Amino acid sequence: MNDQRPDPDALLEKVQLAEARRRRGHLKIFFGACAGVGKTYGMLLAARERRAAGLDVVAGYVETHKRAETEQLLQGLEILPPRIVEYQGTQLREFDLDGALKRHPALILVDELAHTNVQGSRHPKRWQDVEELLEAGIDVYTAINVQHIESLNDVVSQITGITVWETVPDAVLAGANEIELIDLPPDELLQRLEEGKVYLPQQAARAAQNFFRKGNLIALRELALRRTADRVDAQMRDYREDHAIQNVWQVKERMLVCIGPGGTAENLVRAAYRLARLLKAEWIVVYVETAKLQRLSREQRDAILCTLKLAEELGAETVTLSGYRMADEVISYARTRNATRIVLGKPTLSGWKRWMLGSLVDTIVRQASDIDIHVVGRESNFLSQARENPYFSRSRLYLGLASEEPGTLFKWRTSYLWALATTAICTAIAWLMFDRFDLANLIMIYLLGVVVVAARYGRGPSVLSSFLSVVLFDVFFVSPRFSFAVSDSQYLVTFTVMLLVALVISSMTASIHHQARIAGHRERRIASLYAMSRELAVTRGEDNIVRIAVKHVAEVFEAQAVVLLPDETGRIVYPKSEGTAQSSHGSDLSVAQWVYDHEQMAGQGTDTLPGGEVVYLPLTASSGMIGVLALLPLNPARIALPEQQRLLETFVSQIALALERVKLALVAHNTQLKMETEQLRNTLLSAISHDLRTPLAAIVGASSSLIRDDEKLDEHARRELGQAIYDEALRMTGLANNLLDMARLEAGAVVLHLQWQPLEEVVGGALAGLNSRMSNHPVTVNLPRDLPLVEIDSMLVERVFANLLENAVKYTQPGTPIEISATGGSNELVVTISDQGRGIPAGEEKRIFEKFHRVASEGNQGGAGLGLTICRFIVEAHGGRIWADNLPSGGAAFHFALPLTEPPLIEQEEVMQS
């Protein structure tokens, strides 16, 4: 029986994806084959429909190209002012990202998604601006042509003969919530071009002869239709899976793409991406670093790193391997990762050269019979037109263990000189042995010298030593001596075998030495990670963890590092213990704050501020953002290596976990303190009996006098005793009510009965209830006549007024006035109760709203310190806020704000009639 239950991992992945999409803005892309099909026109039509439906729509950046019908649609929409940038003596209009974020509309239009921003902008590409808008929860409408899609860049170039340099990663389109194809037949588009509706007449004539040829338009239209059809097909498959229409087997393809220094590397990655996307397969791009490839030129290594970066942008996993034979490493890794397909470039050799020297393709096809092999052709001019990258333009590269240091030429010469010297020493030793040993033993001396040179100085010097050994052996030890002549032809075989053995030994020794160096390098990195993890595990204190993290990161990545942490307000600050370190590597707090807020990398080699010198990495843990690691690498290209990036990510993860552990330990400590404090507060409740004992004693004394001396007391004395009993009973009732209300509010048992009420009625009710206690204080009520209605629980808000007024009476002298005022804003109503007492002691403005907290004053004011706390709970339950401050003229002022919403129209009419 087939199991029809859905895959829980797939369901979890869908839930996580849906949650991520819910937080982000909605991205709709108007997609077309080329300029002039009506993408901007369609985008403006859709935007006007949304605005007519009541949505807040802003035109952030719309390029009309002076088309009358497009400009007409733009009229009536709110247009965000552009950002004017001075660049090489010219004023350029750019999209104002900060202005858009500040305006924060529901929907914003941002045209020309593939546009490259002017230098100095926060992001080099406009699609990155759009990503930040989406992360801020703003919906975006945008437009793009098919030639700007990264994976189709080489295909479009082959069709049109024109290379398009402004591209958008395919992941941007894949992440779009909606793609609308704007299609127009080629004949109609050419007609629009002739009529001047696409470009100006001079530009239109030139475009018709180049890019806008009918054949080009047909091919681009097919690409656009196919890309849209692929998306529709994916939506159909998702729908079938979501609705369990058919049981789907979870069998995934996995491709391994092997790249090298050849010209097909970039095309190979793009072709592999399209194939992986078609097959819905995971794909891994592998570069195998052999000893031969370590001697590549700097331009070739630039190209390799650029290709690896391109693969990562297209969503591939990149891996750098090392080994002696490339084919063996590729097949071994393919079997380890259970790859079903291997994608390779077309062999560069042909004919007898391919038969004699062999090729990677032939070797893998012969040895990997159980794996499908795909061979991709089409040479690329990538090496001569490499994309600019700050990693590769400003510094020398680091690839594995190879580097180009200033002393490389000197080291190269020294190695070959030592090879000559070693061969000469072997000749001297053989000369001493010549009369006592056979020639075969002398050959062993030379082979030993070749091994020493290969192990010490590498392949090139060992090859020189091999040839030189054969020559010197012939000259000095083979008859006739001291000449190149050979008396016995058998020695030719000896020379040949000696040379071959020397070459094989030198090659194997150099390769083993190379592998040992790489293994030692990796072992040191793993050891460094282990050492840091071990130290972090036993370290206590945030400062100590930061110090250890900076030390290990600086050692492993050869960089200056600093860990930037937020303060209590969430602002990134320089560490106190690293006061001088920050100036040495110029970490920018504003960039670090952006990284902290957006949880994304920034700085050198990233999508945000790639021209900077410092790399900023977010320290993210399970509880959220912890801080930012700023890194100034001495060799920037070393950080660009995928293997180094993964190691750096591991370091960052370990640092974040250690800081989170300290943070959680601090939270646990504070929680324990709060528990102990709460226990103390509960103990204090028993002390409230003092506040109960005083009124009880007064009640008992007054009542006993009435009972015992009733006949002796006159009417006035009886009334005073009765009034005393009544006042003390009210005091006890108030204390009991405060305790009960506090318990109910903390337990969340209070249910708000919200009704639309005028504020003056609530104030009047509170004053009426306190009439006797307010008799010694004149009260002034200043309420504007146009105050709006508020939706409140009138009984609870009346209690807020009563507690605040009683507090004012308690802490002011008799006869001093008390004022009640209110002001209405657009979002909230602010009420103020002020007095002319001694005011609030400095530092107590917030503490007075805590439970059981009472301000020290002259005499015993009584009470349990719960009145203001109850006010805070009630106001916050209404969605408001409460605070206190001192008046400049003296006295205290208590403020609370209640949110304002639009009252029902019927209730407004009833109020007006009344």
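Residues numbered from 1 in each chain as written. Predicted model: local features only at pLDDT ≥ 70, side-chain atom pairs only at ≥ 80, totals over all residues. Heavy atoms only, no water.

A word on the overall build of the protein chain. Of the regular secondary structure elements, the protein chain holds 31 helices and 27 strands. Split into buried and exposed, the 914 residues of the protein chain put 43% on the buried side. On the protein chain, roughly 48,600 Å² of surface is accessible, and the fraction owed to carbon and sulfur atoms is 55%. (Helix = DSSP H or I, 4+ residues; strand = E, 2+ residues; numbered from the N terminus. Buried < 20%, exposed > 50% of the residue type's maximum accessible area, 1.4 Å probe, protein only. Areas by Shrake-Rupley, 256 points an atom, 1.4 Å probe, with all protein chains shown as cover.)

Generally speaking, a soluble globular protein has its nonpolar side chains buried in company with each other. With 61 residues, the main nonpolar core has F95, L109, L133 and F212 as its most contacted residues. In this structure, A822, I833, I848 and I874 belong to the second largest nonpolar core, which totals 38 residues. (Core = buried A, V, L, I, M, F, W, Y, C linked by side-chain atoms within 4.5 Å.)

It is worth spelling out the confidence of the model for the protein chain at this point. On average, residues of the protein chain carry a pLDDT of 78, and 78% of them reach 70 or more. Across the protein chain, the secondary-structure element scoring lowest on mean pLDDT is strand β14 (residues 398–399), at 34, and the one scoring highest is strand β6 (residues 107–110), at 94. Low pLDDT, under 50, characterises residues 245–251; the predicted model gives this stretch eight contacts beyond four residues in sequence or across chains. Low confidence marks residues 578–585, where pLDDT is under 50. Its contacts with residues over four positions away, or in another chain, come to 11 contacts. (pLDDT = per-residue confidence, 0-100. Contact = heavy atoms within 4.5 Å.)

The next thing to look at is helix α30 (residues 867–877). Burial in α30 covers these residues: L868, T869, I870, C871, I874 and V875. Just past α30, the residue G879 takes up positive phi, approximately 85°.

It is worth spelling out unusual backbone geometry at this point. A positive phi angle, close to 55°, is found at E112, a residue other than glycine. Relative to the elements of secondary structure, E112 occurs in the loop between β6 and α5 (126–135). Residue E112 is classed as partly exposed on the basis of its relative accessible area, which comes to 27%.

Before going further, it helps to examine the packing of helix α6 (residues 153–160) against helix α11 (residues 265–279). Direction vectors running N to C along α6 and α11 enclose 110°, while the axes themselves pass 9 Å from each other. By the angle between their axes, α6 is roughly perpendicular relative to α11. Residues N153, D154 and V155 of α6 lie in contact with α11, whose contacting residues are N267, R270 and R274. The class makeup of the residues in the contact of α6 with α11 is one nonpolar, two polar and three charged. (Axes fitted to C-alpha atoms, helices over the stretch in contact; angles between N-to-C directions. Parallel < 35°, antiparallel > 145°, perpendicular 65-115°, else oblique. Nonpolar A, V, L, I, M, F, W, Y, C, P; charged D, E, K, R; others polar.)

Here we take up the pairing of strand β11 (residues 317–322). Burial analysis of β11 places five of its six residues in the buried class, which makes it a mostly covered element. Bridge analysis of strand β10 (residues 282–289) against β11 gives six bridges, and the strand direction is parallel. In the sheet register, Y287 faces β11, and the bridge partner there is T320. (Pairing = 2+ DSSP bridges.)

Sheet strands pair via backbone hydrogen bonds, and the direction of the pair is either parallel or antiparallel. With antiparallel pairing, five strands are arranged side by side in an open sheet as β17-β16-β20-β19-β18. Looking at which strands have only one partner, the edges of the open sheet turn out to be β17 (572–573) and β18 (602–603). Pairing between β18 and strand β19 (residues 615–621): two bridges, direction antiparallel. In the strand pairing of β19, G603 is matched with V615. Against the sheet, helix α21 (residues 542–557) engages β16 (559–566) and β20 (624–633), with an angle of about 150° to β16. Against the sheet, helix α23 (residues 589–598) touches β16, β17, β18, β19 and β20, its axis set at about 140° to β20.

To continue, consider a nonpolar patch on the surface. A cluster of nonpolar side chains, contributed by L417, L420 and L464, occupies part of the molecular surface with about 250 Å² of accessible area. Topologically, L464 is positioned in helix α19 (residues 459–477). (Patch = residues over 30% accessible without salt bridge, like charges linked within 9 Å, V, L, I, M, F, W, Y side chains within 5 Å. Salt bridge = Lys/Arg side-chain N within 4 Å of Asp/Glu carboxyl O.)

For the rest of this paragraph, the subject is the sheet that holds strand β9 (residues 254–259). Spatially, β11-β10-β9-β12-β13 is the arrangement adopted by the five strands of the open sheet, whose pairing is parallel. Single-partner strands in this sheet number two, and they are β11 and β13 (372–376). On average, each strand axis in the sheet is tilted by 25° relative to the strand beside it, whichever way the strands run. Across the face of the sheet, helix α15 (residues 360–367) comes into contact with β9, β12 (341–345) and β13 while running at roughly 160° to β12.

A separate point is α21. In this model, α21 (16 residues) spans 22 Å end to end at C-alpha, consistent with the 22 Å of a helix rising 1.5 Å per residue. Burial in α21 covers these residues: I545, V546, I548, A549, V550, H552, V553, V556 and F557. Once α21 ends, the next one or two residues include E558, with phi positive near 50°. (Expected span 1.5 Å × (residues − 1).)

Let's shift gears to the packing of helix α13 (residues 326–336) against α15. Interaxial distance between α13 and α15 falls to 9 Å at its minimum, and their mutual angle equals 45°. Here α13 lies oblique to α15, going by the angle between them. α15 is crossed by α13, and the crossing has right-handed handedness. Seen from α13, the contacting residues are M326, A327, D328, V330, I331 and R335; seen from α15, they are L360, T363, I364 and Q367. (Left-handed = near helix turned anticlockwise from the far one by under 90°.)

Another point: the environment of V450. With respect to the helices and strands, the residue V450 is situated in helix α18 (residues 439–457). When its relative accessible area of 1% is taken as the criterion, V450 is described as buried. In this structure, the C-alpha to C-alpha distance between V450 and S469, residues 19 residues apart in sequence, is 8.2 Å. Excluding anything up to four places from it in sequence, V450 contacts S462, S465, S466, S469, A502 and S506.

A separate point is the packing of aromatic side chains. Tallied over the entire structure, the rule returns 11 aromatic pairs. Look at F434 and F477: their rings are 5.6 Å apart centre to centre, the planes differ by 40°, and that puts the pair in the tilted class. Separated by 43 residues along the polypeptide, F434 in the loop between α17 (408–433) and α18 and F477 in helix α19 bring together distant segments of the chain. Ring geometry for F557 and F651: centres 5.4 Å apart, planes at 80°, overall edge-to-face. Note that F557 is positioned in helix α21 and F651 in helix α25 (residues 642–687), a separation of 94 residues in sequence. In this pair, the class of F557 matches that of F651, namely buried. One aromatic cluster is present, formed by W431, F434, Y446, F473, F476 and F477 through successive ring pairs. The ring centre of Y141 lies 5.5 Å from the NZ or CZ of K28, which sits over that ring. (Phe/Tyr/Trp six-rings, centres within 6.5 Å; stacked < 30°, edge-to-face > 60°. Lys NZ or Arg CZ within 6 Å of the ring centre and 35° of its normal.)

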